[in-house]
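Each chain is listed here by its residues.
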Amino acid sequence: MANILISPNKYVQGAGELGKLGTYAANYGKKALILITESGYKRCGQIVEQGFLDGNVEKIYEYFHGECSKKEIQRLQEIVEKESCDMVIGIGGGKILDTAKAVAYYASIPVLICPTIASTDAPCSALSVIYTEEGVFEEYLFLPANPNLVLMDTELIAKSPVRLTIAGMGDALATYFEARACQVSNATSCAGGSVTLASMALAKLCFDTLMEEGVKAKLALEVGACTPAVEKIIEANTLLSGIGFESAGLAGAHAIHNGLTVLEECHSMYHGEKVAFGTITQLVLENIPAEELEDIIAWCIELGLPVTFKELGIKEVTDEKLMAVAQAACAEGDTLHNMPFEVTPQKVCAALKVADAYGRYLLEEK
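Quick look at the structure, then. (Residues numbered from 1 in each chain as written. Predicted model: local features only at pLDDT ≥ 70, side-chain atom pairs only at ≥ 80, totals over all residues. Heavy atoms only, no water.)

1. A short note on the sheet that holds strand β2 (residues 31-36)
For step 1, the next point in the chain: Pairing within the open sheet is parallel, and its six strands lie in the order β1-β8-β5-β4-β2-β3. What marks the edges here is a single partner per strand, and that holds for β1 (11-14) and β3 (58-63). Sheet twist, expressed as the mean angle between neighbouring strand axes with direction ignored, is 15°.
For step 2, the next point in the chain: Relative to strand β5 (residues 111-115), strand β4 (residues 87-92) runs parallel, the two being bridged by five bridges. Paired with G92 across the strands is P115, a residue of β5.
For step 3, the next point in the chain: Where helix α3 (residues 70-83) meets the sheet, its contacts fall on β2, β3 and β4, and the angle it forms with β3 comes to roughly 155°. (Pairing = 2+ DSSP bridges. Helix = DSSP H or I, 4+ residues; strand = E, 2+ residues; numbered from the N terminus. Axes fitted to C-alpha atoms, helices over the stretch in contact; angles between N-to-C directions. Contact = heavy atoms within 4.5 Å.)

2. Some details on the nonpolar core
For step 1, the next point in the chain: The biggest cluster of nonpolar side chains holds 100 residues, and the ones touching the most others in it are L210 and V348.
For step 2, the next point in the chain: At 10 residues, helix α6 (residues 162-185) tops the list of elements feeding residues into this core.
For step 3, the next point in the chain: If sequence neighbours within four positions are ignored, L210 has contacts with M169, A172, L173, I233, A236, N237 and W299.
For step 4, the next point in the chain: One finds L18, I36, V48 and C114 within the second-largest nonpolar core, a separate group that totals 20 residues. (Core = buried A, V, L, I, M, F, W, Y, C linked by side-chain atoms within 4.5 Å. Buried < 20%, exposed > 50% of the residue type's maximum accessible area, 1.4 Å probe, protein only.)

3. With respect to the packing of α6 against helix α9 (residues 252-260)
The description of two packed helices rests on the angle between their axes and on the distance between the axes.
For step 1, the next point in the chain: The contact between α6 and α9 brings their axes to 8 Å, and the two run at 135°. Considering the angle they form, α6 stands oblique to α9. Where α6 approaches α9, its residues D171, A174 and E178 are matched on the opposing element by G252, A253 and H254.
For step 2, the next point in the chain: Partitioning the contact of α6 with α9 into residue classes produces two nonpolar, two polar and two charged. (Parallel < 35°, antiparallel > 145°, perpendicular 65-115°, else oblique. Nonpolar A, V, L, I, M, F, W, Y, C, P; charged D, E, K, R; others polar.)

In structure tokens form, the structure reads like this:
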């Protein structure tokens, strides 16, 4: 199996870059479908409009209906065809971006990705996560190419709710540990090959950046400051984690996230918050040294990431609920099977309980 690394064609990060979107878009076509939420348009629509004042690119807006589902993708495909759009621009959070990527793929046109938050590693990937209309994970849609452009306006992102960037750190936390597991098992990555040295280096750099800059970035964001630590965390959450997870692979943490989506109580939690707990559970499955595990959990506690069932919103914990999560995580074709040892629902259920117990133990110590 070949070693493969994939990445977006172009990655742009800096303050005020969204105001240049029209200039960037002119390199890809003449008419854009811009997918955004109504609240997102109120927040940054004026900035976007300024970027298209030269008139080189025509645009139409369409408000996102809230879920990256097959029905929503089909609805937007029909608009692209009716309006003869030759590119799709997604502006917003992970589900909007995944939807934009899927629509552009089915229409065989370029896609430009403009996150307004740094809450997941979705922007850079050749992947859309498809959910049911009720928000339950359904499947991964692997795309033949990464986005043509990923544009990160750090000034805008720094003004987003702090919890979202912290959730992005939770998502990025999984990158190195899942990559490490895939390297040991020689699992096929999302890129369709074995792990490259470059992707492992980026995954490790992602982890090191989170550990060194994460708390500093949180404190800066809480007082509305876009510092070098914030810039580094935005890159770690988006580019480093994006290339790292895709070209090195997914394993236990994201599969356990998918399992948690079967519990309606967890639907109020962000993707990265559930992935953070999934990471702790994966590390319990791997039986890593206690000191290492405690360091990771303590970091999560400092940031406010969930480390217990209670913090995930699960008010009444039962064996039936945990087994439902474990069975979903172990579903055929999910990434839990990329772990370098056999994983069963029973083992996952036990690891979930231990992860929660460890979280409660360390919270009580604080």
